[in-house]
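Here are the chains, one letter per residue:
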Amino acid sequence: MNYKYHPTIDGFYGDFGGAYVPEMLHSNVAKLRDVYEQIMDEPEFKKEFDELLRDYVGRPSPLYLAKKLSASHGCNIYLKREDLNHTGAHKINNTIGQILLAKRLNKKRIIAETGAGQHGVATATVCALMGLECIVYMGAVDIKRQAPNVARMRMLGATVVPAESGSKTLKDATNEAIRDWINNAEDTHYIIGSAIGPHPYPDMVTKFQSVISEEIQSQLQEKTGKDHPDYVVACVGGGSNAAGAFYHFLHDDRVQLILAEAAGKGIDSGESAATSILGTKGIIHGCMTLLMQTDDGQIVEPYSLSAGLDYPGIGPMHAHLITSGRAKVHAATDDEAMNAVISLSKDEGIIPALETAHALAILERIDFNKNDNVVICLSGRGDKDLNTFIDYIGQN
Amino acid sequence: MNRIRQIIEAKGKEILNVYFTAGYPTLDSIVPIIKSLEDSGADIIELGMPYSDPLADGVTIQQSSEQALANGLNLKNLFESIAEARKTCTIPIIMMGYFNQLLQYGIEDFLKLAHHNGVDGMIIPDLPMEIYKRDYQALFAQYNIGMSFLITPMTSDDRIHLADDLSDAFIYMVSQSSITGKKGDISNQQRKYFERINNMKLKSPILIGFGIHDNATYRTACNYSHGAIIGSAFIRALKDSKDVTSITKSFVSDIRG
């Protein structure tokens, strides 16, 4: 079999990926590239990773047949309940993996970027668990709109540093984290939370998240007698939950892969984060991918009501999946996502994260057959977005 | 041989390469700053192409880049300013920017325009040496744009030799593992690193940058290399200045001592 959606040895997915980093980061990135697969394949590492996912995170996460949602779309819709993980989202799958890796690399200090705060909380959590110093960079704008997660990170012992440059959101938090890593290359490991960044990060994050699609296979087999769904649907900012939900189905043509982007106030409104539509090929945070930029190559500030999706780029694997036609993309606006939050809450008794709601909002654009099995990665829970929900409902 | 290297080798020591962000503090300050750097006796000018996401730069250069972009600086008016300065100035000019800026413009179109307007070299910190060698080295040579690659205290000997082979202007020796704009003295650990690189007897001239900010650090850098690159300290001096010409002259004279 030709694994055309896995990266080359240099970290390229088709035209995308690679490691475009300043020389100051080269030795760190190269070291990680040389050892990550070997460490992840060690039986001792796997055992520790699996045990923590089971006993600490609470895996496997359930696969739940949402009956009302299924009835309204005329197919079988299963929710992969990543929202039930410890800390409330899929992000912890990756931080557990990377903290174990950091310990094997003898790193003493952990840094991370965060948008919605879920990755920051997941990183602060594993640092508390392992007794490592934790510094989380978060855009000053995001600190305001995700106050509960900021409080959680601080309770967990992390230092939250506001990123005051640029648009003061996820992109700038990532810049600040990379600069910190340049200044502290020897003793620090950078836990990137999304399937972005220089090789090997997109592949490493994808592999740690691939527990999601691995479980979907066995859970579907049990529930339907088939080991694959007809569709997997996931929201995409940088793309870690989509990468994890897709991984075991990447080369299975029976499975349609659907990404949901944030259209913000509308794709052509000037306030959007629909990267695959508005983006062109370029480099952001050390990898070649699709990103929103001007003709002069200046990176454009994206917009979405959801802090986890307003990223001007997309993971290089996703860029390859989209441009090669393997995955399809639909975009949902802020309003559509908010309506999806409200519907799922009322119909199924599950309040999803605003990011996740984009994956629910685009379902009506797909023409499902009656017997289709559709898996939606319910990547996170909505508690962190309560302030946004309250403001939105108040204004509308 | 690239003109930058010719000039460094002819003088042999105490090369002063001054960086400033194009379009900072004002859009029309590019030409007067280039002229006054040449008049003040700087040897090379490194012209920063302001970028929205300058990963290797500290807060001083970040803020100057934001300001320059807000002032309306773009590649078109930047090249026009360089062409204007070239009517009277002969000092070597290097453009420093991030790879995405060239990629978006089109690499060959960019190099053609740079060459046509009198640019002598480029520094692109996030363009990996291996990709440059495989895809772009011949193109840079065709347009006579000299490259300078960075080495750091963590760069392996193999990569230092690669940087030596690929740099046709000079090797940019980053004084410490950090982003730009650090202040303070040069430590013994840094001196040992400078000595280690000197003992490698590389064929390219070496300029030391990052953290060089006054006469003392400039002198120390010159003792271990062909000269130094100063950026953030000059940007700080230019901040809020009305008369960039006199600021530039006094800055260069203070650095030279």
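Bear in mind the structure is a predicted one, so any value in this text is a computation, not a measurement.

Peer 1: Which residues make up the sheet that holds strand E3 (residues 93-96) of chain B, and what are the values?
Peer 2: Taken together, nine strands build an open sheet; the order of strands is E5-E4-E3-E2-E1-E9-E8-E7-E6 (chain B) and the sheet is parallel. A single partner strand is all that each edge strand has here, and the edge strands are strand E5 (146-147) and strand E6 (150-151) of chain B.

Peer 1: Tell me about the side chain of Asn85 of chain A, residues and numbers included.
Peer 2: Residue and element names in this part refer to chain A. Within the secondary structure, Asn85 sits in the loop between strand E4 (76-81) and helix H4 (91-104). Residue Asn85 is classed as buried on the basis of its relative accessible area of 2%. Looking at Asn85, its side chain comes within polar contact range of the main-chain oxygen of Ala89, at 3.3 Å. The contact partners of Asn85, leaving out residues within four places of it in the chain, are Val57, Arg59, Ser61, His90, Ile92, Asn93 and Arg381.

Peer 1: Outline the packing of aromatic side chains, listing residues and values.
Peer 2: We describe a pair of aromatic rings using the distance from one ring centre to the other and the angle between the two ring planes. Tallied over the full model, the rule gives 20 aromatic pairs over all chains. Between the aromatic rings of Tyr193 of chain B and Phe194 of chain B, the centroid separation amounts to 5.6 Å while the plane-to-plane angle is 45 degrees, which identifies the pairing as tilted. Summarising the burial analysis for this pair, Tyr193 of chain B and Phe194 of chain B share the class buried. Measuring from ring centre to ring centre gives 5.0 Å for Phe234 of chain B and Phe251 of chain B, while their planes differ by 45 degrees; the resulting arrangement is tilted. Of the two residues, Phe234 of chain B sits in helix H11 (residues 232-238) while Phe251 of chain B sits in helix H12 (residues 244-256), which places them 17 residues apart along the sequence. Every member of this aromatic cluster is reached through a ring pair, and the members are Phe12 and Tyr20 of chain A together with Phe99 and Tyr136 of chain B. One cation-aromatic arrangement involves Lys265 of chain A over Tyr303 of chain A; the distance from NZ or CZ to the ring centre is 5.2 Å.

Peer 1: I'd like a rundown of the packing of helix H5 (residues 118-130) of chain A against helix H7 (residues 147-155) of chain A, residues and numbers included.
Peer 2: Residues and elements named next belong to chain A. It is the contact of H5 with H7, at a shortest axis distance of 9 Å, that shows an interaxial angle of 10 degrees. Viewed along their axes, H5 and H7 adopt a mutual orientation that is roughly parallel. For the pair H5 and H7, contact is made by Gln118, Gly120, Val121 and Ala124 and by Asn149, Arg152 and Met153, respectively. Within the contact of H5 with H7, the residues separate by chemical class into three nonpolar, three polar and one charged.

Peer 1: Any chance you could break down the sheet that holds strand E8 (residues 188-191) of chain A for me, citing the residues and the numbers?
Peer 2: Residue and element names in this part refer to chain A. Strand order in the open sheet made by the four strands is E7-E6-E5-E8, with parallel pairing throughout. The strands lining the two open edges of the sheet, one partner per strand, are strand E7 (159-163) and E8. Put simply, the sheet's adjacent strands are angled 25 degrees from each other on average, direction ignored. Two elements, strand E5 (residues 109-114) and E8, share four bridges in a ladder whose sense is parallel. Bridge pairing links Arg109 to Thr188 in E8.

Peer 1: With reference to specific residues and values, describe the interface of chain B and chain A.
Peer 2: Interfaces are often sized by the amount of accessible area the parts lose when they come together. Chain B puts 36 residues into the contact, and the matching count from chain A is 35 residues. Summing the contributions of chain B and of chain A, the shared interface buries around 2,800 Å²; its carbon and sulfur component is 53%. Of all residues in chain B, the largest losses of buried area upon contact with chain A belong to Leu55, Gln104 and Met154 of chain B, amounting jointly to 24% of the total for that side. Between chain B and chain A we count two salt bridges in total. Taken together, the connections running from chain B to chain A amount to 19 residue pairs in polar contact (both at pLDDT 80 or more).

Scoring rules and cut-offs
Residues numbered from 1 in each chain as written. Chains lettered and ligands numbered in written order. Predicted model: local features only at pLDDT ≥ 70, side-chain atom pairs only at ≥ 80, totals over all residues. Heavy atoms only, no water. Pairing = 2+ DSSP bridges. Helix = DSSP H or I, 4+ residues; strand = E, 2+ residues; numbered from the N terminus. Buried < 20%, exposed > 50% of the residue type's maximum accessible area, 1.4 Å probe, protein only. Polar contact = N/O pair within 3.5 Å; in protein donor to acceptor, adjacent residues only side chain to side chain. Contact = heavy atoms within 4.5 Å. Phe/Tyr/Trp six-rings, centres within 6.5 Å; stacked < 30°, edge-to-face > 60°. Lys NZ or Arg CZ within 6 Å of the ring centre and 35° of its normal. Axes fitted to C-alpha atoms, helices over the stretch in contact; angles between N-to-C directions. Parallel < 35°, antiparallel > 145°, perpendicular 65-115°, else oblique. Nonpolar A, V, L, I, M, F, W, Y, C, P; charged D, E, K, R; others polar. Buried area = accessible area lost by both parts, 1.4 Å probe. Salt bridge = Lys/Arg side-chain N within 4 Å of Asp/Glu carboxyl O.

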